[in-house]
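# Residue-level structure breakdown
Here is what each chain is made of, one letter per residue.
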Amino acid sequence: MSSTKDNKLIWKLTPDIIKKSADDLMTKTKTVYDTVGALSSESVTYNSVVKALADNDCEYAVVRNNLDFMQHVSPDKDLRNSSVEVDKKLSEFDVEMSMRQDVFDALVAFEKKSSTDGSTESKRYVERMIKLGRRNAGVPEDFLKSLEKNEDGKLKVSLKYPHYFPCMKKARNPETRKKLETAFNSRCLKPNTAILEELVELRSQKADILGFPTHAAFVLDMRMAKDPEKVRTFLVDLAQKLRPLQEQEVKVYLEYKKEECDKYGYEYDGKIHYWDLRYYMTMTEERQYAVDSNLLKEYFPMEVVTTGLLDIYQELLNLKFTQVKDVEVWHPEVTLYSVVDRESSNLLGYFYLDLYPREGKYGHAACFGLQPGCIQPDGKRQITVAAMVANFTKPTEDKPALLTHDEVETYFHEFGHVMHQICAQSEFALFSGTSVERDFVEAPSQMLENWCWEKEPLQRMSKHYKTGEAIPDHLLDKLIKSRIANAGMFNLRQILLGMFDQTIHTQKKVDTAKLFSEISQEYLGFPSTEGTNMSASFGHLAGGYDAQYYGYMWSEVFCMDMFYTRFKKEGIMSPKVGGDYRRCILQPGGSIDAADMLRNFLGRDPTPEAFLISKGLNPNA
């Protein structure tokens, strides 16, 4: 079996090993914190405080991520359950350690005593740890073939993405779509609604204790936006600009709906509902831009897309990827690659690809940072290890895995996060990888999505699965033009989610189902389906994006400015621009402010013109 140099992750785990590893990790970490906390203000030094905590961060993150990750990917249910169990235990431990007054006092004493020790990044580390300490009063016909049949011969459709979205886009019968949409937006309805509404109350109470008017104000204090009013203004202004586009789109949807109802004998009520939305958005793309999504899929077999994507990233960022075979992983479908800097031949890290759905696996697409790149206790650099986990369409008996263009875009986006993890070269684990301001974290990956809408990259990662032919130019041209299809409705839905998130986190108590339906009516023009509460399964609200969902739109301003200003003008595969991007945007991790990264790359402060143009809007209007 091949060895993976400096990869500290282990996959031969059992429930007992997971529990013991967690206990050992907590014991070791507590010892470090006890030692730092016992220091007098006179005896604090860089090594005894900053280096001791940072060294522990470096080691703790690897084990913690290793144990936590298994709940998302392990094929063994007992192992997943053990991972969930220790994740809860470690989360409680994290909170306990983050509230250690004695450790906080040691950091403050060191900051006062030593203004010159350490690098610029170490000073930022101390400042960040103190700021975090002050805040802790708590909290850390191919689709059908892929379906199983029941005893009566009927096809079984789950509510997982690879089943749900194809049905919502293409199922003609509105009752079928309504049943699915109602079920999808009622997942865990009662327990999760209660949990979310309790979270809102607790977050409000915590903000009050810490001297903030609202939870949103508490969160945004450490983000680029800084305050809720600025976010609200951004979302409201953008919604006003998008409204004319959306009104035109809804007229088209209703025309298509009436035509469908007349043709197939369904009742026409003159309205668009949640269960209609994706169906008529898909129809708009296919009719107005003549993009046949099923035909297009035939040019995106998984193997070809993966090879093309990896080649593009290697060329753009001056890296070399090598698949490591015959190596321990958590499932046979998982692959592992090493990443080397082409210029220096230095090993930067490893990434795992786990791309297909299976029972018990994490249901979305995401990048998991497993081993942070930082300086180890011995002064040497710890390499980064990350994993991309996704749920792309699986192969069938007579076809390879064929990706929709949406899936290709998701692949490019999430792999962008992997590159951010691996290319970052911070000293401290706290600033490793994607540890930037949350309202900037999506920008580097969103910027790289643009390659999925440009002719040269699309040609490089596509080939017909039967004939090997390239995508015809006329089909490519239609696809590229379709980027602004449904721009009004799509982006207003993003604004709806961002506004809902901001609204609940500026209140002390809230009826989430009622509020979501009201805001939906305001921004989309129709309420929630009766009996549903989309926010009960809106994972971002309980998964670290609370009061921050606006960041997807906010960071897109920066991503479009970076793409149009540098890559579009100087060449999308320009090694110089790619090198600047890696050096200025990816390499710092979170060791400097995002605003400074952008200035370094753009040569000026960012502006919104490119963002508005990308949405089909006139920036001067």
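Residues numbered from 1 in each chain as written. Predicted model: local features only at pLDDT ≥ 70, side-chain atom pairs only at ≥ 80, totals over all residues. Heavy atoms only, no water.

Helix and strand content of the protein: 24 helices and seven strands. Computed over its C-alpha atoms, the radius of gyration of the protein comes to 25 Å, within 12% of the 25 Å expected for a compact globule of 621 residues. By residue count, 53% of the 621 residues in the protein fall in the buried class. Put simply, the protein shows about 27,800 Å² of open surface, and 50% of that area lies on carbon and sulfur atoms. Positive and negative charge centroids in the protein, built from 81 and 92 side chains respectively, lie 1 Å apart. (Helix = DSSP H or I, 4+ residues; strand = E, 2+ residues; numbered from the N terminus. Rg over C-alpha atoms; globule rule 2.2 N^0.38 Å. Buried < 20%, exposed > 50% of the residue type's maximum accessible area, 1.4 Å probe, protein only. Areas by Shrake-Rupley, 256 points an atom, 1.4 Å probe, with all protein chains shown as cover. Lys, Arg positive; Asp, Glu negative; His and termini not counted. Charge placed at Lys NZ, Arg CZ, Asp CG, Glu CD.)

Across soluble globular proteins, nonpolar side chains show a tendency to be buried alongside one another. Formed by 121 residues in total, the largest nonpolar core has its most connected members in F351, F415 and W451. Leave out the neighbours within four places in its chain, and F415 touches L309, L310, Y313, F321, F351, L353 and M388. Within the second largest apolar cluster, 52 residues are counted, among which are L25, L79, L107 and Y352. (Core = buried A, V, L, I, M, F, W, Y, C linked by side-chain atoms within 4.5 Å. Contact = heavy atoms within 4.5 Å.)

With that settled, the discussion passes to unusual backbone geometry. Excluding glycine, residues mostly carry a negative phi; peptide bonds, for their part, are mostly trans. For C188, which is not a glycine, the phi torsion comes out positive at approximately 50°. As for its placement among the helices and strands, C188 is situated in the loop between α8 (174-184) and α9 (189-209). According to the relative accessible area criterion, C188 is partly exposed, its value standing at 49%. Located in the positive-phi region is N486, a residue other than glycine, with phi close to 60°. Relative to the assigned elements, N486 resides in the loop between α18 (473-481) and α19 (487-504).

Considering all chains together, one arrives at 39 aromatic pairs under this definition. Geometrically, the ring pair formed by F212 and F218 is edge-to-face, given 5.4 Å between the ring centres and 75° between the ring planes. Like F212, the residue F218 is buried in the burial classification. The positively charged end of R177 is found above the aromatic ring belonging to Y279, 4.1 Å away from the centroid. One Lys or Arg, R287, reaches over the ring of Y256 and ends 4.6 Å from the middle of that ring. (Phe/Tyr/Trp six-rings, centres within 6.5 Å; stacked < 30°, edge-to-face > 60°. Lys NZ or Arg CZ within 6 Å of the ring centre and 35° of its normal.)

So, about the sheet that holds strand β7 (residues 384-389). With respect to topology, five strands assemble into an open sheet ordered β1-β2-β3-β7-β4, the strand pairing being mixed. Two strands close off the open sheet at either side, each with one partner strand: β1 (319-324) and β4 (366-371). Across the sheet, the mean angle separating the axes of adjacent strands is 25° when strand polarity is ignored. Against the sheet, helix α14 (residues 302-317) makes contact with β1, β2 (335-341) and β3 (347-354), and its axis sits at roughly 145° relative to β1, the strand it touches most. (Pairing = 2+ DSSP bridges. Axes fitted to C-alpha atoms, helices over the stretch in contact; angles between N-to-C directions.)

Here we come to the domain arrangement of the protein. Assigned domains within the protein: domain 1 (15-127) and domain 2 (297-483). Tallying the contact residues gives 23 residues for domain 1 and 26 residues for domain 2. The tally of links between domain 1 and domain 2 comes to zero salt bridges. At the boundary of domain 1 with domain 2, the tally comes to 10 residue pairs in polar contact (both at pLDDT 80 or more). Contributing elements (two or more residues each) for the side of domain 1 that touches domain 2: α2 (46-73) and α5 (120-135). Looking at the side of domain 1 that touches domain 2 element by element, the count peaks at 16 residues for α2. Across the side of domain 1 that touches domain 2, the residue classes break down as 11 nonpolar, five polar and seven charged. (Domains from an automatic or database assignment. Salt bridge = Lys/Arg side-chain N within 4 Å of Asp/Glu carboxyl O. Polar contact = N/O pair within 3.5 Å; in protein donor to acceptor, adjacent residues only side chain to side chain. Nonpolar A, V, L, I, M, F, W, Y, C, P; charged D, E, K, R; others polar.)

Another aspect to go through is the side chain of E121. Along the chain, E121 falls in helix α5. One buried charged side chain, E121, makes no salt bridge at all; its nearest oppositely charged neighbour is R381, positioned 6.4 Å away. Aside from chain neighbours lying at most four places away, what touches E121 is S426, E427, F428, F431 and S591.

Bringing the side chain of S614 into the picture now. Summarising the element assignment, S614 is placed in helix α24 (residues 609-614). Side-chain polar atoms of S614 contact the backbone oxygen of F611, separated by 2.6 Å. S614 has contacts with I484, M560 and Y564, leaving out every residue within four places of it along the chain.

Among the structural elements, P174 can be located in helix α8. Separated by 138 residues in sequence, P174 and I312 have C-alpha atoms that sit 41 Å apart. Excluding its chain neighbours within four sequence positions, the residues that come into contact with P174 are Y266 and W275.

Time to look at the pattern of salt bridges. According to the stated counting rule, one finds 38 salt bridges in the structure shown. One salt bridge in this structure joins D276 and R177, with 2.9 Å as the shortest N-O distance. Note that D276 is positioned in helix α12 (residues 274-288) and R177 in helix α8, a separation of 99 residues in sequence. In this pair, the class of D276 matches that of R177, namely buried. The partner of R566 in a salt bridge is D580, and the shortest N-O contact between them spans 2.9 Å. With R566 in helix α21 (residues 551-570) and D580 in helix α22 (residues 575-586), this residue pair connects regions lying 14 residues apart in the sequence. D580 gets classed as buried once you look at its relative accessible area, which sits at 13%. Here the salt bridges do not stand alone but share partners, grouping R566, E570, K576, D580 and R583 into one network.

This part covers the pairing of β4. For a regular strand, side-chain orientation follows a simple rule: the groups alternate between the two sheet faces. The buried fraction of β4 is high, at five of six residues. Sheet topology places β4 next to β7; five bridges connect them, and they run antiparallel. Bridge pairing in β7 links F368 to A387.

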